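Residue-level listing of the chains:
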Amino acid sequence: MAQVSLRGISKIYDGGVVAVDNVNLGVENNEFLVLLGPSGCGKSTTLRMIAGLEFPTKGQIYIGDRLVNNVPAKDRNSAMVFQNYALYPHMVVYDNMAFALRLRSYSKEDIDKRVKDAAQILGISHLLKRKPRELSGGERQRVAVGRAIVRKPMVFLFDEPLSNLDAKMRVQMRTEIHKLHLKIQTTMIYVTHDQTEAMTLGDRIAIMKDGKVLQLDTPLGVYDRPVNKFVAGFIGSPPMNFMEGTVVPKNNSLYFDEGNFKVKILEDMYGKLERYKNKKVIFGMRPENIFDKLFASYATPENTVNVLCDVVETMGSENYLYLSTGKHIFVAVVEASNKPSVGSMVEIVLDMKKIHFFDPSTEETIV
């Protein structure tokens, strides 16, 4: 168990390509931290620098109280689980899990105990005599995790470990990794581009873009209080809807006016929107905070809008309604029993307490 500290870490490749740009992160003992972002944002490079597979151009990396910038990967007391499992195809599961311990000259008895204990934790004791080609994707991933567990590292590092699995197996393995963290209580850093994995696994999430950490917060923190439009749109499924319009003052009140879409803004937002009167803003609303007026208990003329139902997607337990103002298409998530006809007009009600506003120039959060 150890804290991990990244202090002003940058990675610049030949040609001046900046992969990681002045990242500062602190990971607490036993914490499960998720690095989340799109492909090419620098999250895997950051993880590889912690592991010792890459070396930072600038900054310092500490594991516990130890500066590890120039410490080889094998001496960092961390263990990494890769996307492609990285198992030795000619070795049975037992030998794959025991290999690193043999290199470190552990006794035969200690190796046997560690391998069997890890196999029991992961439910793969019956697979110890099989070779990787005889295993399913989920079983191979368990072996890869087991190979990390036997070393009893201070830090576990996961590099998109579930991306090669089918949807059902990803859900199952996600649950297994969560249970594993609760059981062994070790610091874990997990890289993914899947926001569902991040929200369900992480104690905290660091959202990255263009080599920078944009926001570090709890899953609910990044969902409820995104710092900018990118974070707001990256977290949530379906993602947040955005539309541009004007903050219009009228009768001592403020309204958001898109042209064909007009709603009254709550009074407690007026202070932050004061300087945007008669100016453009970006209006953000999550699909789950939009309701059909027929099913809403708090509809008022100020938060109700008439829009066109463009498409209905039936998802089983719910429907996705693609609605049009004439200028913008946006999505609402409603109950399965709520299925308006395509081409019909629908009165929708917004939960104005959960509306977001963003500056159109900086895309930073206003409210």
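On a predicted model such as this, the values are computed, not experimentally measured, just so you know. Here the residue numbering is sequential within each chain, running from 1 through the sequence in written order. The predicted origin of the model limits local features to residues at a pLDDT of at least 70 and limits the giving and counting of side-chain atom pairs to 80 or more, whereas totals for whole chains, interfaces and linings rest on all residues. Just so you know, side-chain values use all the structure's heavy atoms and leave hydrogens and water out.

Draft legend 1. Inspection of the nonpolar core at higher detail. Residues belong to a common nonpolar core when they are buried Ala, Val, Leu, Ile, Met, Phe, Trp, Tyr or Cys residues joined through side-chain atoms within 4.5 Å. Each residue gets one of three labels from its accessible area relative to the maximum for its type: buried under 20%, exposed over 50%, partly exposed in between, using a 1.4 Å probe on protein chains only. By size, the foremost hydrophobic cluster in this structure holds 46 residues, and its most contacted members are Leu36, Met97, Val115, Tyr190 and Ile207. The contact definition used throughout considers only heavy atoms, calling two residues in contact when any of these lie within 4.5 Å. In contact with leucine 36, not counting residues within four places along its chain, are Lys43, Thr192, His193, Asp194, Gln195, Ala198, Ile205, Ala206, Ile207, Met208, Phe234 and Ile235. The next biggest cluster of nonpolar side chains, apart from the first, holds 31 residues, and it includes Phe256, Phe261, Val312 and Ala332.

Draft legend 2. Seen up close, the packing of aromatic side chains. Any two rings among Phe, Tyr and Trp, with Trp reduced to its six-membered ring, count as a pair given centres within 6.5 Å; such a pair is stacked if its planes are under 30 degrees apart, edge-to-face if over 60, and tilted if neither. Applying the stated rule across the entire model yields 12 aromatic pairs. Their ring planes at 20° and their centres at 6.2 Å tell us that phenylalanine 156 and phenylalanine 158 sit as a pair that is stacked. Using a relative accessible area of 2% as the deciding quantity, one classes phenylalanine 156 as buried. By relative accessible area, which is 0% here, phenylalanine 158 ends up buried. With a centroid separation of 5.7 Å and 40° between ring planes, the pair formed by phenylalanine 158 and tyrosine 190 is classed as tilted. Of this pair, phenylalanine 158 sits in strand β7 (residues 155-159) while tyrosine 190 sits in strand β8 (residues 187-192), placing them 32 residues apart in sequence. A cation over an aromatic ring shows up here: lysine 262 above the ring of tyrosine 255, its NZ or CZ 5.2 Å from the ring centre. Cation over ring: arginine 286 sits above tyrosine 223, and NZ or CZ is 4.2 Å from the ring centre. Helix and strand assignments come from DSSP, with helices taken as H or I runs of at least 4 residues and strands as E runs of at least 2, each series counted from the N terminus. Only when the NZ atom of a Lys or the CZ atom of an Arg is both within 6 Å of the ring centre and within 35 degrees of the ring normal do we say a charge sits over the ring.

Draft legend 3. View of the pattern of salt bridges. One side-chain nitrogen of Lys or Arg within 4 Å of one carboxyl oxygen of Asp or Glu is enough to make a salt bridge. Taken as a whole, this structure holds 14 salt bridges when the rule is applied. One network of salt bridges, with partners in common, ties together Lys11, Arg48 and Glu54.

Draft legend 4. Molecular detail of the packing of helix α2 (residues 93-103) against helix α3 (residues 108-122). A fitted line through C-alpha atoms serves as each axis, taken over the contacting stretch for helices, and the angle formed by two N-to-C directions is quoted from 0 to 180°. Across the interface, α2 lies against α3 with an axial gap of 10 Å and an inter-helix angle of 135°. Taken together, the axis directions place α2 and α3 in an arrangement best described as oblique. The hand of the α2/α3 crossing is right-handed. Contacts between α2 and α3 pair Tyr94, Met97, Ala98, Leu101 and Arg102 from the former with Ile111, Asp112, Arg114, Val115, Ala118 and Ala119 from the latter. Here roughly perpendicular refers to angles of 65 to 115 degrees, roughly parallel to angles under 35, roughly antiparallel to angles over 145, and oblique to all remaining angles. Left-handed describes a crossing whose near helix is turned anticlockwise from the far helix by less than a right angle; the clockwise case is right-handed.

Draft legend 5. The arrangement of the pairing of strand β2 (residues 17-27) in detail. Here strand β1 (residues 4-13) runs beside β2; their pairing, made up of 7 bridges, is antiparallel. By the bridge assignment, isoleucine 12 is partnered in β2 with valine 18. A pair of strands is considered paired only if DSSP assigns at least 2 bridges between the two. Remark: 3 residues form the turn of the hairpin made by β1 and β2, two consecutive strands paired antiparallel; glycine 15 in that turn has positive phi of roughly 90°.

Draft legend 6. Quick peek at the sheet that holds β2. The strand order across the open sheet formed by 4 strands is β2-β1-β4-β5, and the pairing between neighbours is antiparallel. Of all the strands in the sheet, just β2 and β5 (66-67) have a single pairing partner and so form its edges. Across the sheet, helix α1 (residues 43-51) lies against β1, β2 and β4 (58-63), angled at about 115° from β1, the strand it touches most.

Draft legend 7. Representation of α2 within the structure. By the burial criterion, the buried members of α2 are Val93, Tyr94, Asn96, Met97, Ala98, Ala100 and Leu101. For α2, the secondary structure elements touched by its buried residues are α3 and α4 (137-149). Note on α2: the residue one or two positions beyond its end, serine 105, has a positive phi of about 65°.

Draft legend 8. Examining empty space enclosed by the protein more closely. Buriedness for pockets is judged along seven lines, at least five of which must meet protein on both sides within 12 Å for an open set on the 1 Å grid over protein atoms alone, while cavities are sets there where a 1.4 Å probe fits but cannot get out, and lining residues have an atom within 4 Å of a point. Grid points are joined across faces, edges and corners, and a volume is the space filled by probe spheres set on the points. Evaluation of the coordinates by the stated rule reveals 1 cavity of 30 Å³ or more. Of the volumes computed, that of the largest cavity is approximately 40 Å³. As for the largest cavity, its lining consists of Leu122, Arg142, Val145, Met173, Glu176, Ile177 and Leu180. Put simply, the parts of the chain that give the lining of the largest cavity at least two residues each are α4 and α5 (167-184). Among the elements that take part in the lining of the largest cavity, α5 stands out by supplying 4 residues, more than any other.

Draft legend 9. Looking closely at the side chain of asparagine 289. Position of asparagine 289 among the secondary structure elements: in the loop between β14 (280-285) and β15 (290-292). Note on asparagine 289: relative accessible area 8%, which makes it buried.

Draft legend 10. Here's a closer look at unusual backbone geometry. Residue proline 238 is reached from serine 237 by a cis peptide bond, and omega for that bond is -5°. Within the secondary structure layout, proline 238 lies in the loop between α8 (229-234) and β11 (241-250). Although it is not a glycine, asparagine 251 sits at a positive phi angle of roughly 50°. Positionally, asparagine 251 belongs in the loop between β11 and β12 (253-257).

Draft legend 11. Quick peek at the sheet that holds β11. Pairing is antiparallel in the open sheet, where 5 strands are placed in the order β13-β12-β11-β14-β20. Here the strands that pair on one side only, and so sit at the sheet edges, are β13 (262-264) and β20 (356-358). Strand-to-strand twist of the sheet, defined as the mean angle between neighbouring strand axes without regard to direction, takes the value 40°. Note: β11 against β12, 5 bridges, orientation antiparallel. Directly across from valine 248, in β12, lies its bridge partner tyrosine 255.

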